[in-house]
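As a plain string of letters, each chain reads:
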Amino acid sequence: MYALVVFLPLIGSIIAGFGGRRLGDRGAQLATVIPMLAAAILSIVIFFDVALGGNPQTIELFRWIDVGALQLNWAIRLDTLSAVMIGVVCVVSSMIHVYSIGYMAHDSSVPRFMSYLSLFTFFMLTLVTADNFVQMFFGWEGVGLASYLLIGFWFGRPTANAAAIKAFVVNRVGDFGFLLGILGVFFAFGTLDFDPVFEATPNLVGENFNFIGMDVDILTTLCLLLFVGAMGKSAQIGLHTWLPDAMEGPTPVSALIHAATMVTAGVFMVARLSPMYEFAPIALTVIVFIGATTAIFAATVGLTQNDIKRVIAYSTCSQLGYMFFALGVSAYGAAIFHLMTHAFFKALLFLGAGSVIHGMHDEQDMRKMGGLFSKMKVTAFVMWIGSLALAGVPFFAGFWSKDIILEAAFAAHTGMGNYAFWLGIVAALLTAFYSWRLLFMTFNGPTRADPSVYEHAHESPPVMLIPLVVLALGAIFAGWLGFEYFVGHEREHFWGESLFVLPIHDTIEAAHHAPKWVKLLPVIVAVVGIVMAFFAYIMVPNLPGIIAARLKAIYLFLLNKWYFDELYDRLFVRPAFYLGHGLWKSGDGELIDGVGPDGVAAAARNLAGRAGRLQSGFLYHYAFVMLIGLVVLVSWYLFAQQG
Amino acid sequence: MDGFPLLSLTTFLPLVGVAFILMVRGDEDIVARNSRYAALWTSLVTFALSLFIWFNFDHGTSDFQFVEKAAWLPRFDVSYHLGVDGISMLFVLLSTFLTPICVLASWKAVTSRVREYMIAFLVLETMMIGTFVALDFVLFYIFFEGVLIPMFIIIGVWGGPRRVYSAFKFFLYTLAGSVLLLVAILVMYFQADTTDIPTLLVTDIAPHLQPWLWLALLASFAVKLPMWPVHTWLPDAHVEAPTAGSVILAGVLLKMGGYGFLRFSVPMLPLATDQFTPLIYALSIIAIIYTSLVALAQEDMKKLIAYSSVAHMGFVTIGIFSLTDHGIQGAIFQMLSHGIISAALFLCVGVVYDRVHSREIADYGGLVERMPKYAFVFMIFMLGSVGLPGTSGFIGEFLVLLGAFQDNTWVAFLASTGIILGAAYMLYLYRRVIFGKLEKENLKKLLDLEPREVAVMVPLVLLVLWMGIYPMPFLDVFDASVANLIEGYEGALAASQGVSVAGR
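Parameters and conventions
- Residues numbered from 1 in each chain as written.
- Chains lettered and ligands numbered in written order.
- Predicted model: local features only at pLDDT ≥ 70, side-chain atom pairs only at ≥ 80, totals over all residues.
- Heavy atoms only, no water.
- Helix = DSSP H or I, 4+ residues; strand = E, 2+ residues; numbered from the N terminus.
- Rg over C-alpha atoms; globule rule 2.2 N^0.38 Å.
- Buried < 20%, exposed > 50% of the residue type's maximum accessible area, 1.4 Å probe, protein only.
- Areas by Shrake-Rupley, 256 points an atom, 1.4 Å probe, with all protein chains shown as cover.
- Lys, Arg positive; Asp, Glu negative; His and termini not counted.
- Charge placed at Lys NZ, Arg CZ, Asp CG, Glu CD.
- Axes fitted to C-alpha atoms, helices over the stretch in contact; angles between N-to-C directions.
- Parallel < 35°, antiparallel > 145°, perpendicular 65-115°, else oblique.
- Left-handed = near helix turned anticlockwise from the far one by under 90°.
- Contact = heavy atoms within 4.5 Å.
- Phe/Tyr/Trp six-rings, centres within 6.5 Å; stacked < 30°, edge-to-face > 60°.
- Core = buried A, V, L, I, M, F, W, Y, C linked by side-chain atoms within 4.5 Å.
- Salt bridge = Lys/Arg side-chain N within 4 Å of Asp/Glu carboxyl O.
- pLDDT = per-residue confidence, 0-100.
- Patch = residues over 30% accessible without salt bridge, like charges linked within 9 Å, V, L, I, M, F, W, Y side chains within 5 Å.
- Pairing = 2+ DSSP bridges.
- Buried area = accessible area lost by both parts, 1.4 Å probe.
- Nonpolar A, V, L, I, M, F, W, Y, C, P; charged D, E, K, R; others polar.

(A) Up close: the overall build of chain B. The number of helices and strands found in chain B is 20 helices and two strands. Taking 504 residues into account, the globule formula puts the C-alpha radius of gyration at 23 Å, and chain B, at 22 Å, falls close to it. Overall size of chain B, expressed as C-alpha extent along the three principal axes, is 80 × 55 × 40 Å. Sorting the 504 residues of chain B into buried and exposed places 67% on the buried side. Carbon and sulfur atoms form 65% of the exposed surface of chain B, whose accessible area is close to 16500 Å². The positive charge centre, built from 28 side chains, and the negative charge centre, built from 37, are 13 Å apart in chain B.

So this is what it looks like as structure tokens:
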């Protein structure tokens, strides 16, 4: 019965994908939305039974691979961690399916879009319910595929195609690490099922093995390799470049895949593997560093972007950084808590942005907005809620989860923990600032839009507003409702065995005893950020321009996203094409063929030509040659006789 | 089924079809139509027969099955000896599966000399099946080399503008290898006084001869596979070959190299195999990285897929020479999977080549608007080639890498870069052909797949997914044989070490 939750979206996807033309747009929408809503209801049932009722279980479907020591099943693992993820994925996905009915109404390929959305949901669910590394990898690459298809959904646009390929290939770089990690796990443990690996992990503490010529600690190496995969999927600094470009996809895609679910797969992976990471402290430290650095990096870039979706994309990147440093200080529950609240408010923000874009007839540049409050009150209202939650203003969802993360980082009392705490505080300030920059630039002040566009700007239809309201309710209440379970007193009972924390790493417990100022500081900086944005974009609207002109170098550095794209282009993309071309023309063409077949053929032709010239047709030439031959033969015979 | 000559029947049934085609009389149209139907029915019946082999195959044993033996040249102990084990069985199926597909794919594309074309394909089928079922080295050699003749003719007669250059390049490369193979066979005959393969498998060949024999075999198999740096015939041959020729070339002929390693080099020359493994690793890794980069720069669709084949075959050799159960099973699986996927990709190129008569990537773009079905099947095969989990490509690559990692982490590390590059060149190809705006005038009237083409593609799509989601029916077939192969190999190594220790 519970297995249905995974397969309902797949069924919807297949029906809409193959029957789309016969069903028509409306039929395809129903064929995907109904199974998705059913899955959402089922996911809530599962959450109550498995997570709150403490009833974990694994449903084995059938044998997948059985070669030598490697035995893998297709299975559905239901424990608190996967139940939380299933709930988040299904609820958000079903809302976005509904929203898409309105948002994509005028598109020419509605069935294809709905089919892709459901297909994505299916892959995401196989990922979170995986019972072994390889099924997780299946879901992992599957969501990558769906993401590729959806980013490139409008295949007529060159930018969309480029972004789609970039997303897939950059993710593959991460998957390169993930795959090596899986190979290493099998090498070290002799199995790829989660439970036996987790049981055997403590035995490998301190053990070394030889990896590409280096003698290294097994667990640290494996955890770092696996983390590379997480960095790719969750857009952490270095492998983040695909996420902002992914905004080429339709907005519901950005909300579902590039904010609420797929990009959090890396966070989920580390949490799922907490029984391994707990014994790899160096890997955890690296995760804290990468997470905290991403949080601040993305927040600084978010300050300067003008595309409404890109601002939110960088904000997502930054929030994922928070989740990662939470994981790094062993506050897994806090990370998943933030993942959950973030899914609600960030999906809300994206869908709100989509509502704005829809109402403005596909305008995304905030410099051409402003004054939209009167045109779209509901959208503005829910965007405020989303931003309040994102900034961590009390008692919205983000407040609960972000605070506990920062407190846990502080309470870790490590150098890296402090690094994360202080960068997290600064990033929180920036978050509040750019969130209200977005709100003010979009909804307030005199409009900068083209009068004709502004004239026709309109509020979205109810089919889009209802999901916004549902998500807004989540953005208000999810933190308050979940706090006790995810990170409060109920947490040990709630998580059961699905998360593992060594007693000495219990930073969530320590976080509850953090000093008052630590608890207050995030709220204070959030309010300061909002006030600063109000000052800069409402009170003195020309101030940002002046600052940008004064600090031109810094401004350009941020506007160009720290020049990562340019760097990678020079470092990898162009050399790869250059090398490929060179190897083809010189390597294959001149060297191998030149010396090999073509060279041999040329030499043969040459020789034949010379031999041909010998046949002069003059009898005395032939006689002469014969005579010489005879002499040579006779002398050789004589010499041989003597010898 | 005891005593029933199933293998002989499967092997030579295509020749019966040839006889039928030769008997067809009438004007050109009638001959062409009848030849097509005769070839299709013959190949379908052959395929049905080969399914019997699969259904009646005993998974539990590594022995040769369906064995037939008759004296042929008794004075030299050369016999007509056929049989299949887990390693060869699925290759027979691959050959019989792809032939009807090739016949269907050539239905409209080939209009001149149809009779001769169909005859060439049926003869080719006999040669391919014979190669995989032969249990006598001389018999094997005849089939193995016999494959060259119809293929040479197919490229040389029905090929593109540079077909003669390509056909000769193909022929010379492979022939150079064959000469050394023949020498090796003779030497082995003088060692064992027989050319019977099962006997040779249990014969210990003198250690000082092994390296030389091994290198002679390498010369032949490396060209067939092809391995870097003797791969340059492949892109040219593919580019000039007609679609169905490319399908068989990529689908089956390349696998003969890998099969050769598994049947001869590894079990018969274990000491040399051990000694030369680093060489194979190095060549394979170069193949993967080098040809993937070259594929990235290609402007011709067929060349790109040809180069990707070299990279994928690199995984095969790594898997075989990792000499672990995962590696070898992965290598066999990868060969089968690549046989399906690369064949299908060439068919995909053929579909648009038939319509537009160009292989240049730049001549396409935006096909998805006019050809959504085509875009879908091309997508599945592209993903299979990329090795996406859930397709057959993943299982093979994953098992190979799993085996390689156990043997040498450097090899696994470097080979894994292939998954990044593979994604890059395939997605880049797909984007330029399928996506983008449909702007070129001659593309605006293209028609989507017709029912005949759907009938060609659907079985391939289903197989790619089946082998990815539920690969056990395939893996089970070669499980016992691979285990036996490794056991024999390790036994031989241990014995020789024992001897050298004792000698000290």
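So that's the structure; there's more coming.
(B) Highlighting the packing of helix 7 (residues 163-192) of chain B against helix 10 (residues 233-240) of chain B. Residue and element names in this part refer to chain B. Between helix 7 and helix 10, the least distance of the axes is 9 Å, while the angle of their chain directions is 140°. With respect to helix 10, the axis of helix 7 lies oblique. The handedness of the crossing between helix 7 and helix 10 is left-handed. On the side of helix 7, the interface is formed by Arg-163, Tyr-165, Ser-166, Lys-169, Phe-170 and Tyr-173, while helix 10 contributes Trp-233, Asp-236, Ala-237 and Glu-240.

(C) Spotlight on helix 10 of chain B. In terms of burial, helix 10 of chain B is a largely internal element, eight of the eight residues being buried. Along helix 10 of chain B, the positions that sit buried rather than exposed are Trp233(B), Leu234(B), Pro235(B), Asp236(B), Ala237(B), His238(B), Val239(B) and Glu240(B).

(D) How the structure looks around the packing of aromatic side chains. Enumeration according to the criterion identifies 89 aromatic pairs over all chains in this entry. Aromatic side chains Phe7(A) and Phe122(A) sit 6.0 Å apart centroid to centroid with 40° between the ring planes, which places their arrangement in the tilted category. On the criterion of sequence distance, the pair formed by Phe7(A) in helix 1 (residues 4-52) and Phe122(A) in helix 3 (residues 110-128) is long-range, its members being 115 residues apart. For Phe7(A), a relative accessible area of 29% corresponds to the partly exposed category. Given a relative accessible area of 7%, Phe122(A) falls into the buried group. Between Phe333(B) and Phe474(B), the aromatic rings sit 6.5 Å apart at their centres with planes inclined by 85°, giving edge-to-face as the arrangement.

(E) Inspection of the nonpolar core at higher detail. Tyr148(A), Tyr277(A) and Phe381(B) are the most contacted members of the largest nonpolar core, which has 457 residues in total. Filtering out sequence-adjacent residues up to four positions away, Phe381(B) remains in contact with Ile341(B), Ala344(B), Leu345(B), Cys348(B), Met457(B), Leu460(B), Val461(B) and Val464(B).

(F) Highlighting the pattern of salt bridges. Residues and elements named next belong to chain A. Counted according to the given criterion, the structure contains 24 salt bridges over all chains. Residue Asp-195 pairs with Arg-77 through a salt bridge whose shortest N-O separation is 3.2 Å. A residue pair is termed long-range when its members are at least 10 positions apart, and Asp-195 in helix 6 (residues 194-200) and Arg-77 in strand 2 (residues 70-78) qualify at 118 residues. Given the relative accessible area of 38%, Asp-195 is considered partly exposed. For Arg-77, a relative accessible area of 9% puts it in the buried group. Via salt bridges that share partners, Arg-77, Asp-79, Asp-131, Asp-195 and Arg-272 belong to a single interconnected network.

(G) Structural detail: the environment of Thr58(A). All names here are of chain A. Tracing the sequence through the fold places Thr-58 in strand 1 (residues 57-67). Look at Thr-58 and you get partly exposed, because its relative accessible area is 38%. Placed 19 residues apart in sequence, Thr-58 and Arg-77 show a C-alpha to C-alpha distance of 4.3 Å. Residues contacting Thr-58, with those up to four places away along its chain left out, are Ala-75, Ile-76, Arg-77 and Asp-131.

(H) Seen up close, the side chain of Thr317(B). All names here are of chain B. Within the secondary structure, Thr-317 sits in helix 13 (residues 301-322). You can call Thr-317 buried: its relative accessible area is 1%. In contact with Thr-317, other than residues within four places in its own chain, are Leu-225, Met-227, Phe-261, Ile-280 and Ser-284.

(I) Inspection of the confidence of the model for chain A at higher detail. Per-residue pLDDT for chain A averages 89, and the proportion of residues at 70 or more is 100%. Here helix 26 (residues 597-614) of chain A is the element of chain A with the lowest mean pLDDT, 79, and helix 10 (residues 265-272) of chain A is the one with the highest, 94.

(J) Representation of a nonpolar patch on the surface in the model. Residues Val378(A), Val469(A), Leu473(A), Phe477(A), Trp480(A) and Leu481(A) make up a contiguous nonpolar surface patch of about 570 Å² in total accessible area. For Val378(A), a relative accessible area of 34% corresponds to the partly exposed category.

(K) Highlighting the confidence of the model for chain B. Of the residues in chain B, 98% reach a pLDDT of 70 or more, and the chain-wide mean stands at 89. On the interface metric, ipTM, the complex scores 0.90, and its pTM is 0.91.

(L) Layout of the environment of Leu471(A). Residues and elements named next belong to chain A. Note on placement: Leu-471 falls in helix 19 (residues 462-486). With a relative accessible area of 0%, Leu-471 lands in the buried category. Along the chain, Leu-471 and Lys-346 lie 125 residues apart, while their C-alpha atoms are 9.2 Å from each other.

(M) How the structure looks around the pairing of strand 4 (residues 214-217) of chain A. All names here are of chain A. Sheet topology places strand 3 (residues 208-211) next to strand 4; four bridges connect them, and they run antiparallel. If you follow Phe-211 over to strand 4, its bridge partner there is Met-214. Hairpin geometry of strand 3 and strand 4 is characterised by an intervening segment of two residues between the two adjacent antiparallel strands and by a positive phi of about 35° at Ile-212.

(N) A look at the interface of chain A and chain B. Contact with chain A, which involves 57 residues of that partner, is made by 63 residues of chain B. Roughly 5300 Å² of surface becomes buried between chain A and chain B when both sides are summed, with 77% attributable to carbon and sulfur atoms. At the boundary of chain A with chain B, the tally comes to zero salt bridges. Secondary-structure elements contributing two or more residues to the side of chain A that touches chain B are helix 1, strand 1, strand 2, helix 4 (133-151), helix 5 (158-189), strand 3, helix 25 (564-595) and helix 26 of chain A. Broken down by element, the residue count for the side of chain A that touches chain B peaks at 17 residues, all from helix 5 of chain A. Among the residues making up the side of chain A that touches chain B, the classes are represented as 39 nonpolar, nine polar and nine charged.

(O) Fine view of the pairing of strand 1 of chain A. Residue and element names in this part refer to chain A. Inspection of the sheet shows strand 1 paired to strand 2 by nine bridges, in the antiparallel sense. Bridge pairing in strand 2 links Val-67 to Leu-70. Counted between consecutive antiparallel strands, the loop separating strand 1 from strand 2 contains two residues, among which Gly-68 sits at a positive phi close to 55°.

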